[in-house]
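Spelled out, the chains give:
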Amino acid sequence: ARTPQTTATTGTPEADAPIRWERDGTGVVTLVLDDPGRSANTLHQGFVAALTAVAARAEAERETLRGIVVTSAKKTFLAGGDLTELIRIGPADAAVAFDTSMAVKRALRTIETLGVPVVAAINGSALGGGYELALACHHRIVLDAPGTRIGLPEVTLGLLPGGGGVTRAVRLLGITDALLKVLLQGTQYTPRGALENGLVHEVVTSPGELTERARAFIDAHPESHQPWDAPGYRIPGGTPSSPRFAAELPAFPANLKKQTGGAPYPAPRNILAAAVEGSQVDFATAQTIEARHFTELVTGQTAKNMIQALFFDLQSVNSGASRPTGPEPRPVRRVAVLGAGTMGAGIAYACARAGIDVVLKDVTADAARAGKAYSERLLDKALARGRTTGEQRDALLARITPTADAADLAGCDAVIEAVFEDTALKHAVFQEIVKVVAPDALLCSNTSTLPITLLAEGVERPADFIGLHFFSPVDRMPLVEIVRGGRTGEGALARAFDLVRQINKTPIVVNDSRGFFTSRVIGRFLNEGVAMIGEGVPAASVEQAAAQAGYPAKVLSLMDDLTLTLGRRIREETRRAVEAAGGTWTGHPADAVVDRMADEFHRPGRAGGAGFYDYAEDGTRTGLWPGLAEHFGRPDHQVPFADIQERMLFAEALDAVRCLEEGVLTSVADANIGSIMGIGFPAWTGGVLQYINGYEGGLPGFAARARELAARYGDRFTPPALLVTKAERGERFGAEQQRTG
Ligand code: NAI
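Residues numbered from 1 in each chain as written. Predicted model: local features only at pLDDT ≥ 70, side-chain atom pairs only at ≥ 80, totals over all residues.

In the annotation of an unreviewed UniProt entry, the chain is listed under the name Enoyl-CoA hydratase/isomerase family protein and assigned to Streptomyces yaizuensis. Recorded under Pathway (unreviewed entry), the UniProt text for the chain is reproduced unchanged: "Lipid metabolism; fatty acid beta-oxidation." (UniProt positions renumbered as here; feature names shortened; annotations may be inferred.)

Each helix and strand counted, the chain has 30 helices and 18 strands in total. Since a compact globule built from 741 residues should have a radius of gyration of about 27 Å, the 28 Å found for the chain is in line with a globular shape. Counting only C-alpha atoms and orienting by the principal axes, one finds that the chain spans roughly 85 × 65 × 55 Å. When each of the 741 residues of the chain is scored for burial, the buried share is 50%. Considering only contacts in the chain between residues 6 or more positions apart, those separated by 24 or more positions represent 72%. (Helix = DSSP H or I, 4+ residues; strand = E, 2+ residues; numbered from the N terminus. Rg over C-alpha atoms; globule rule 2.2 N^0.38 Å. Buried ≥ 20, exposed ≤ 12 C-beta atoms within 10 Å, placed from the backbone. Contact = placed C-beta atoms within 7 Å.)

Turning to the site of the ligand, a few remarks are in order. Taken together, 23 residues surround the ligand, and among them Gly339, Gly341, Met343, Ser448 and Ser472 come closest. Taken together, the elements giving at least two residues each to the shell around the ligand come down to helix 14 (342-353), helix 17 (423-433) and strand 14 (465-470). It is helix 14 that provides the largest number of residues to the shell around the ligand, a total of 3 residues. (Near = placed C-beta within 6 Å.)

Once that is clear, we can look at the UniProt feature "domain: 3-hydroxyacyl-CoA dehydrogenase NAD binding" (unreviewed entry) in the chain. As recorded in UniProt, the sites labelled "domain: 3-hydroxyacyl-CoA dehydrogenase NAD binding" (unreviewed entry) are residues 335-512. The span residues 335-512 carries 39% helix and 22% strand; its end-to-end C-alpha distance comes to 24 Å.

The next subject is unusual backbone geometry. Here the bond from Ser472 into Pro473 is cis, since omega is -5°, no more than 30 degrees from zero. Structurally, Pro473 is set in the loop between strand 14 and strand 15 (479-484). One non-glycine residue, Thr563, lies in the positive phi region at around 75°. Mapping Thr563 onto the fold places it in the loop between helix 22 (555-562) and helix 23 (564-580). Of the residues examined, Thr563 has 17 C-beta atoms within 10 Å and is grouped as partly exposed. A positive phi angle, close to 50°, is found at His602, a residue other than glycine. Tracing the sequence through the fold places His602 in the loop between helix 24 (590-600) and strand 17 (613-615). The exposure class assigned to His602 is exposed, which follows from the 10 C-beta atoms found within 10 Å.

Glancing now at the sheet that holds strand 10 (residues 357-361). The 8 strands lie next to each other as 11-10-9-12-13-14-15-16, forming an open sheet whose pairing is mixed. Since the sheet does not close on itself, it has two edges, and those belong to strand 11 (400-403) and strand 16 (506-511), each with one partner. Shown here is a sheet whose adjacent strand axes are inclined to one another by a mean of 25°, direction ignored. Summarising the sheet, strand 10 and strand 11 pair through 4 bridges and their orientation is parallel. Within the sheet, the bridge partner assigned to Val358 lies in strand 11 and is Ile400. Here helix 15 (residues 365-384) sits on the sheet in contact with strand 10 and strand 11, set at roughly 155° to strand 11. Contacting strand 15 and strand 16, helix 27 (residues 668-679) crosses the sheet at an angle of about 120° to strand 16. (Pairing = 2+ DSSP bridges. Axes fitted to C-alpha atoms, helices over the stretch in contact; angles between N-to-C directions.)

To continue, consider helix 12 (residues 283-298). Here helix 12 is 16 residues long and its end C-alpha atoms lie 22 Å apart, about the 22 Å a rise of 1.5 Å per residue gives. For helix 12, the full list of buried residues reads Ala286, Gln287, Ile289, Glu290, Ala291, His293, Phe294, Thr295, Glu296, Leu297 and Val298. Check the buried side of helix 12 and you find it contacts helix 2 (83-86), helix 3 (94-112), helix 5 (165-173), helix 11 (266-279) and helix 13 (301-318). (Expected span 1.5 Å × (residues − 1).)

All right, on to the UniProt feature "domain: 3-hydroxyacyl-CoA dehydrogenase C-terminal" (unreviewed entry) in the chain then. As annotated by UniProt and renumbered to match this structure, "domain: 3-hydroxyacyl-CoA dehydrogenase C-terminal" (unreviewed entry) occupies residues 515-615. With 64% helix and 3% strand, the stretch residues 515-615 has end C-alpha atoms that lie 29 Å from each other.

Here we come to the nonpolar core. Core analysis: the biggest nonpolar cluster contains 227 residues, and Leu183, Val415, Ile482 and Ala496 have the highest contact counts within it. Here this core takes 11 residues from helix 26 (residues 641-661), the largest share from any one element. For Ile482, the residues in contact, after removing those within four places along its chain, are Ile466, Gly467, Leu468, Leu493, Ala496, Phe497, Val500, Pro507, Ile508 and Val509. (Core = buried A, V, L, I, M, F, W, Y, C linked by C-beta atoms within 7 Å.)

In this section: the sheet that holds strand 6 (residues 139-143). Across the sheet, 6 strands lie side by side as 1-2-3-4-6-8; this open sheet has mixed pairing. Looking at which strands have only one partner, the edges of the open sheet turn out to be strand 1 (19-23) and strand 8 (202-204). The sheet shows a mean angle of 20° between the axes of neighbouring strands, taken without regard to direction. Alignment of strand 3 (residues 67-72) against strand 4 (residues 118-122), held across 3 bridges, turns out to be parallel. The partner of Ile68 across the bridge, within strand 4, is Val118. Packing against the sheet, helix 1 (residues 45-60) makes contact with strand 1, strand 2 (28-33) and strand 3, and its axis sits at approximately 20° to strand 1.

What follows covers the pairing of strand 14. For strand 14, the tally of buried residues reaches 6 of 6 residues, placing the bulk of the element in the interior. Pairing of strand 13 (residues 442-445) with strand 14, which is carried by 3 bridges, proceeds in the parallel orientation. Bridged to Leu443 within strand 14 is Phe465. Sheet topology note: the strand 14/strand 15 ladder contains 4 bridges and is antiparallel. The residue of strand 15 that forms the bridge with Leu468 is Ile482.

The next subject is helix 13. Between its terminal C-alpha atoms helix 13 stretches 24 Å, which fits the 26 Å expected from 18 residues at 1.5 Å a residue. Taking the largest bend as the criterion, helix 13 deviates by roughly 30°, centred on Gln308. In terms of burial, helix 13 is a largely internal element, 13 of the 18 residues being buried. One or two residues past the end of helix 13 sits Gly320, with phi positive at roughly 95°. (Bend = angle between axes of the 7 residues up to and from the residue.)

Right, here's the structure in full:
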């Protein structure tokens, strides 16, 4: 429906266009980004057409224009590319992708070269395409509001800014700063941070001031040009042909490798190429180069994987697709955290940070106070870096009450237990407090290995009992795995979900199983790495393969950190449980290696001073243990490098399929997000199940490769029935967003 034009303007040809043209009596036009019927402005095809139209109109009316202000009527300024459109672009659509990128560039170029002042009045987040639009303005003013972010985060979704962002960032900041501060990490700046780093010109504190300052700029600069269009302009810091820059250039490929670990992330490489190549040519040629590099990325599989997982799956997980819909949200006011060790201290901080009062209980008051001191240290660091204020620090600390007295837990409406990993102890702890806390308090355990259903047997009100599995370090790890026990009620599940969201973490919901989803699947990765040592594969190859696959931690070093004895203890518990249930225990080829390492060589891992690696006195790794080659090496046995790499990835992906088959997982999004954000499955894959979707040849291709690995290395690679059926039916795992027509 068309809405009547109410502003005192010359009107717009299309009142329902996503960009409004509002001209006042003084010849200043405000372009209001306000896409009807959408919650945010994005650069979808229709929006690009509107941008092209306003650029043409501005050019036509140039003689009578005094200036242009670009602002938005939405909460965000402009969110950037339309990901629902971008994820559908297949290799066959390269020409369309290239043309769209060029169309955006042309419109922005027209506006910035009109000769009249153009001001970005950035009222909310300007990320990606939003900041690219702002970059095409002569002056950028941003309203300082909580949550407002400025930057070019395309790289985090496997893309590059294809709307002139690379070309302009390089010309604004110089190649080095553009790459390191903006393009390669995709840093999202607060308004103040954007000002300090030269991304914007002014920060204001009220919407009125935003308009005022925009007007003031126009009045003071009747003619405006970009610095890069001025005669004699040189890129700050020089170009690759200048001696100063040439000295820095060789560091870039090394930096890239450091960022990606040699894993297949094409975006940083294309960004580097677009920046360097584009810096040596004129503006127009640079834009074409940028569009080519953009097209290559957007038509490729990695961008699809990353958009699927890190945008769509993340959105689905956080928005509560796995939350029961009935129960009304009831924010937690006062939480009891039991155990003030590594995890309890971190959980207390996360809760207090979200404004929840925390009673932090340990066996002694000193231990509880030590747990609180952890928050103090984190806050002091944040204070020193300007990330918090003294007032905020004190308020947060005032919310944490350390104690050894159970009576202090009175009135707590949620409990999170993080005492030692011991069933009897956990039962005793819940028994002690359950009568003290609110009668309907939510009861959570942060156990990492004990089945929730079993733990619930020793807890009153098992319907209110649930697993809340945090990851270490809690302040930095965004994921929480919610584990639903056999007797957990829907209400408890909903409340646990809401609590995780309340503390700004990402919840995945899984059904109880040994190791839940995350520990179970990462166990397959660790076992596979260790099993290869047993086969005689050189340890250095195994570690290098893990790094090149994109795992943030190499497999043997991670095993050392977790200790081999922990793995063995979990294995023994699992074996006993399987046998008690009348099942037959089939071990893993890794078991024999772990046993020899621990018993014969007394190398139980880092905490024990020796493991697959050697360690110095202070615990730093000094190198792989040479004994590995001596005791396990088999120079005659060759395992192709691609197999070493894929055995780790496949071991995890196949087990995730089994988790889905067994009902441990109930959603594909949970699997993808849980694997990337919880256990370091490489992000370029889009997560454990998206990895299968995106594998060459899709599900059938993946299943065929799994059979090949099974024939070479063992039954554990045999594709599960669910995979086979889906492959036969031409299905995939999860949503259909990225299907092309
Ligand atoms: P920790 O050893 O650092 O801390 C345990 C704390 O519980 C100690 O401060 C201890 O004094 C306290 N405690 C013992 N008995 C208590 C009682 N009766 N009342 C109150 N406090 C008592 O252990 P951590 O690493 O924090 O682990 C705690 C739980 O979290 C375990 O169940 C563990 O499996 C789980 N977990 C650990 C992760 C990790 O990375 N460390 C990750 C996820 C879960």
